[in-house]
Each structure stands twice: as structure tokens, then as C-alpha cells.
Amino acid sequence: MGASTATTEPPAGDIGPPGADGLPSPGIVPSPSDSTAVDSPATTPLLAVDIGGTKLEAGIVSRDGRILERARIPTPGSTDPDKVFDALASVVADVLDRAAMPPDACGVGCGGPMEHGGRTVSPLNIRAWRGFPLRARLAGLTGVPVAVDNDAKALALGEGWVGAARGCDNYLAMVVSTGVGGGIVLDGRLLDGSGGNAGHIGHVVVEPKGRPCACGGRGCLEAEVSGTAIAAMTGKPAAEADLGLRRHCGTLVGRAVASVACLLDLQLAVVAGSVALGFGDDFFDAATDELRIRCGLDFARTTRIEPGGLGSDGPLIGAAAVALLHVEPSGAGPLGAHRVPGVVPAPVGATPDTTPDATTDATTDATSDTSPDMREDGR
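These numbers come from a predicted model, not from an experiment.

J.: Help me understand the sheet that holds strand E11 (residues 304-307), please; the structure alone is not making it clear to me.
T.: Strand pairing in a sheet relies on backbone hydrogen bonds, with the paired strands running either antiparallel or parallel. Across the sheet, five strands lie side by side as E9-E8-E7-E10-E11; this open sheet has mixed pairing. Among the strands making up the open sheet, the edge pair consists of strand E9 (189-190) and E11. This element, helix H3 (residues 151-162), spans strand E7 (171-176), strand E8 (180-186), E9 and strand E10 (268-272) of the sheet and lies at about 125 degrees to E7.

Structure below.
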């Protein structure tokens, strides 16, 4: 990926309970000004927004995947939905004010669950938002078309666009941070599922008699290895986990990846998030060892687990890829002529976005969501 204008600040990914990842004190954190970051872009940039339980971030991203401007703020703990949105609006306004060229579309990565297309969102790690009309509110704020998707699915698009999965047709991208999420690309297509929530690897059971999970289950991957779970188990932030716990978390991630890889015949699992990346080689070595034990079928023996290639830039790059997927002509999105972010065109004769959810979404928007939106024509 090309140069980012924000290279001097610590990563601010959602990695554990608020404050566990070294976030700065409350207040907008802008990127340093760098007039060389915009080097005559051939096309209009994109507005990228990442929404997590620890921080809210916005950025201006070029069509070739470079972050030109960025700003972030800690996510308010308020139970008032408008106060959380007002905080988000402040970082969006900040980057728009500094953009050398106005963006023509906005992509958003947000924790789930959500309605198909992100018409409303109910992120588990933002208690104030339950059925919150995020897409319409952002479109009203920015005046441009807005596309919303799960943050881990957004990361999958970003990693396939300019990250560690570039050129791979079949892969899983996952985040191990405050929570655990994932996105799956199969045959060059980002999987959505019936409600747009495909890829929730955090709720694959890895310890049948394990810890209770916020979803109501027990022994889910998220309940065992997330930053929130680690803090609950140890009383310390994830960054202070000892070697044994780091390896144990890697083992459980490898176990979950093996199940998904065997189910879907995947070549690669790209793992990001400040817990995974912070744990480093201890985590990834243990994950790979478990993968080798669990993947005994011939087609699965070559599956790999690798660190994400985008680091702390991943959430914004992924959000920009969400916008590209919806606004670029078929075949020109983030994954190229036949791949994700440009994502593979629909089969011949098929009409894009014709799921029942999408159809309902399109018709109800006419009366309840009058903001600019993305339809089959990409605008």
C-alpha cells in the first residue's frame, strides 16, 4: 500500500476493553498534514468510516488504496444514540474539511449485527445503537451515497484489494480485537448470507464447555480470545497476557480457522486486530500448529494463517473498499476485474442485490430513507 499521512501515531484498533490499546485521551486525533500525500489523484477519493467499540475513525482514501487524511476519537460510552453519532459526525467533518478533493461516496465498516446493507445497525459493542439508522444518518450528513457493511467483512475486502490476500480467490479475513469477527471471500466473491451477516467466526464454538458468550452461547471463539474476554479472565488488558495465554489464544483461533477452511475449501486465513498482531509470532505459530493438526484432508493441508497486511490502516482501507464495491462499474471494484473490490460480477442474467432484504430495503427507502443511497446502478 502507498504512503499514509498518519505514520507517527500508535495503532488504535479495537483490541480490548476501552483504554487497553493505548488510545489517546478524548479528542479528535488528526493525521499530520502532508501536501505530498495527494499526488494528482486520477479519480475522486472516497470517504471511509470505521465504527468500533473503542474508537470512531474517518479517513479520505484514494481509489488506489492510500489513506490521504484521517482522524479518530474514542467511542463515547453514552447510552444516548445521538451523542454517539455526534461524535462520529465530528471526525467525519474534520477529514472532509481537510480533504483536497471532496469524496463522491462513503464506505462504512461497523460492528454487527445489522440489517442487510447496513440500513440499521445494532453493534454489540455500542449499547446506544439498537436498530440505529446509520446509513441514512451518514448520507444526510455527507450528501453522498453511503454503503455500510460489517467491519470484518470490510477488512476482508481491504486485504483482498491491497493487503495480504491480494490475488487470492478463496480466503478468510478475521479480526481478533475487542471482539472477534470475520469476512469470507469464496471464488472471488465476498459472502453476504441471507441477512448480510456471513462470516461471524467469533461464534464458532471452540470450547464446548467454555466461557459464556454475549450471544447466549458458550465456548465461542469470541468468548475465549477477544480482548474483552482476556481482560475478564485475567483482570489485565490483552497487551499484558503471558506467553501461555498468547499461545492458547492462537491455538483456539487455529482450531476455528481449520473448521471454516475444511468447510469452504479456503487457501488462506488473514488475521488482523491488535490482539492477534500484538501477540505476534507466539500467537501465529500456535495457530499454525493447530491448523496442521486439524486439517488432515488433502485439500486443506496447504491452508495458511498469516498476519493481516494492512496493520492499523486495515479498517479504513476496508471501509473504502466497501464504497468501491458499490460505486465502481461491475468488475472494477477493490478485488479487480474478477475479484473482490471490484468484486466478481454477478452471474450472467442475474440482477445485483435481489435478495428479499435488499428488495425490501430499496422499496422502503422511498418513504423512510430519503438520503442518497446505492442501488443496482451503483449510485
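After that view of the structure, there is still more to cover.
J.: So what exactly am I meant to see when it comes to the nonpolar core here?
T.: Soluble globular proteins: nonpolar side chains tend toward being buried together. In terms of nonpolar packing, the biggest core is built from 34 residues, with Met174, Val176, Ile201, Leu221 and Val257 touching the most fellow members. Every element with two or more residues in this core is listed here: E7, E8, helix H4 (221-225), helix H6 (243-264), E10 and helix H7 (274-294). Take this core: its biggest share by element is nine residues, from H6. Once residues within four sequence positions are removed from consideration, Ile201 is found in contact with Leu172, Met174, Val180, Gly181, Gly182, Leu221, Ala256, Val257 and Val260. Counting residues in hydrophobic clusters, the runner-up holds 33 residues, among them Leu56, Leu138, Ala139 and Val144.

J.: Just checking my understanding: could you explain the packing of aromatic side chains for this structure?
T.: The relative placement of two aromatic rings is captured by the distance of their centres and the angle of their planes. A full pass over the atoms with the stated rule returns four aromatic pairs. For the ring pair Trp129 and Phe132, a centre distance of 4.4 Å and an interplane angle of 0 degrees mean the geometry is stacked. Residue class for Trp129 comes out buried when judged on its relative accessible area of 0%. Seen in terms of ring centroids, Phe283 and Phe284 are 5.1 Å apart; in terms of plane orientation they differ by 75 degrees. Their pairing is edge-to-face. We note that Phe283, like Phe284, is buried. By the ring-pair criterion, three or more aromatic residues cluster together here, those being Phe85, Trp129 and Phe132. Geometry around Phe85 places Arg137 over its ring, the cationic atom sitting 4.4 Å from the centre.

J.: Honestly, the packing of H6 against H7 in this entry has me stumped. Any pointers?
T.: The N-to-C vectors of H6 and H7 enclose an angle of 40 degrees; their axes lie 7 Å apart at closest approach. Classified by the angle between their axes, H6 and H7 sit oblique to one another. Relative to H7, the crossing made by H6 is right-handed. Between H6 and H7, the contacting residues are Leu243, Arg246, Arg247, Cys249, Gly250, Thr251, Val253, Gly254, Arg255, Val257 and Ala258 on the first element and Gly278, Phe279, Asp282, Phe283, Asp285, Ala286, Ala287, Asp289, Glu290, Leu291 and Arg294 on the second. Classifying every residue of the contact of H6 with H7 gives ten nonpolar, four polar and eight charged.

J.: What am I meant to see in the pairing of E8 here?
T.: The element E8 is largely enclosed, with a buried count of six among its seven residues. Both E8 and E9 contribute to a ladder of two bridges, which runs antiparallel. Residue pairing across strands places Val185 opposite Leu190, the latter belonging to E9. Between E8 and E9, which pair antiparallel in sequence order, lie two residues; one of them, Asp187, sits at a positive phi of approximately 55 degrees.

Parameters and conventions
- Residues numbered from 1 in each chain as written.
- Predicted model: local features only at pLDDT ≥ 70, side-chain atom pairs only at ≥ 80, totals over all residues.
- Heavy atoms only, no water.
- Pairing = 2+ DSSP bridges.
- Helix = DSSP H or I, 4+ residues; strand = E, 2+ residues; numbered from the N terminus.
- Contact = heavy atoms within 4.5 Å.
- Axes fitted to C-alpha atoms, helices over the stretch in contact; angles between N-to-C directions.
- Core = buried A, V, L, I, M, F, W, Y, C linked by side-chain atoms within 4.5 Å.
- Buried < 20%, exposed > 50% of the residue type's maximum accessible area, 1.4 Å probe, protein only.
- Phe/Tyr/Trp six-rings, centres within 6.5 Å; stacked < 30°, edge-to-face > 60°.
- Lys NZ or Arg CZ within 6 Å of the ring centre and 35° of its normal.
- Parallel < 35°, antiparallel > 145°, perpendicular 65-115°, else oblique.
- Left-handed = near helix turned anticlockwise from the far one by under 90°.
- Nonpolar A, V, L, I, M, F, W, Y, C, P; charged D, E, K, R; others polar.

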